[in-house]
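Take a look at the letters that make up each chain.
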Amino acid sequence: MKTYMLDKVLDTGTTYTAESDKAYIIRKVGTTSTSKATLEVAGADCLEILDEIARTHSTTYYLYDLLDLGDYYVVVPPDKKFGFTGSSGSKLRIVGEILELAPGEALPSPYMGRYAEQAKKYMSYLRGTYSHGTDTAWTANDENNVLSKTAEAGTKYHIVGPVYASLANLSAVHSPGDWTLRFYLQGAPWDILSTSMGDLGVDLWKCYWNDGTNYYYKPFKPTNLPPEIEPGRSFVVSMINSSGASKSPASGTSLTATVTIGTVVELL
């Protein structure tokens, strides 16, 4: 078996076919799709991503690029068809290895094992938005839910990150400590319980900030978050105005929060 570098860009809506002696091992991905990008191998969905957490490359204002799939990499065996669907004209960049097999050589068993599993346990995301109301100020210490998810029967969600968050239409510069994210599992905060230890939640500055002119985004990997959402259990991410003062939107707009979190979906 020979191994080559894989780094290719796929077009949405196009069906590709692996050569009879070659397999793809896809370890990192990024997309330009602004809606769900779904990668399909041999008719089965095995990856769901969005440009907010997995971009094809970093830019001046988006300081992150490909998403590392870790243990949830995607295998395309020889002769299998694959492709992705996403927003119109979007691209999917795939990075990893190309395996060239000798005549009669089979794909190594670890890769075949992952191939058998990848439609049942794969990288995805949860996303939520909250709009506070046109020309409505967000008062100090006010907390509002941005993302809410109850796991469906037969499905478990593993919270692995990254976490992307933003707050649009602020009339003033976003400063460190002004806004925080708070995570809940079954209504219990994964956090301190009293402000005597500091602000509640995680500083939004970790994944969003501006310098008064330009906006920058950098998702962070969560630590100490609820490791999984079992069927029937709820997961919530809220945003809090922790600045100590009321915050207003730009005239004629609404303060709008967005949170996107990378997850592993496991079909039970």
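Cut-offs and rules
- Residues numbered from 1 in each chain as written.
- Predicted model: local features only at pLDDT ≥ 70, side-chain atom pairs only at ≥ 80, totals over all residues.
- Heavy atoms only, no water.
- Pairing = 2+ DSSP bridges.
- Helix = DSSP H or I, 4+ residues; strand = E, 2+ residues; numbered from the N terminus.
- Phe/Tyr/Trp six-rings, centres within 6.5 Å; stacked < 30°, edge-to-face > 60°.
- Buried < 20%, exposed > 50% of the residue type's maximum accessible area, 1.4 Å probe, protein only.
- Lys NZ or Arg CZ within 6 Å of the ring centre and 35° of its normal.

**Student:** Outline the sheet that holds strand S4 (residues 37–41), supporting the account with residue identities and numerical values.
**Tutor:** Strand order in this open sheet of four strands is S2-S8-S4-S5, and the pairing throughout is antiparallel. Here the strands that pair on one side only, and so sit at the sheet edges, are strand S2 (16–17) and strand S5 (44–49). Alignment of S2 against strand S8 (residues 81–85), held across two bridges, turns out to be antiparallel. Considered in S8, the bridge of threonine 17 is made with lysine 81.

**Student:** Just give me the short version of the packing of aromatic side chains, but keep the residues and values in it.
**Tutor:** Within the structure shown, the criterion is met by 14 aromatic pairs. Seen in terms of ring centroids, tyrosine 16 and phenylalanine 82 are 5.6 Å apart; in terms of plane orientation they differ by 25 degrees. Their pairing is stacked. One end of the pair, tyrosine 16, is in strand S2; the other, phenylalanine 82, is in strand S8, with 66 residues separating them in the sequence. In this structure tyrosine 16 comes out as partly exposed when scored by relative accessible area, which is 22%. Residue phenylalanine 82 is classed as buried on the basis of its relative accessible area of 5%. Feature note: the residues Tyr62, Tyr64, Tyr164, Tyr208, Tyr215 and Tyr217 constitute an aromatic cluster, connected by ring pairs. The aromatic ring of tyrosine 62 is capped on one face by arginine 55, whose charged end is 3.9 Å from the ring centroid. The ring centre of tyrosine 73 lies 6.0 Å from the NZ or CZ of arginine 114, which sits over that ring.

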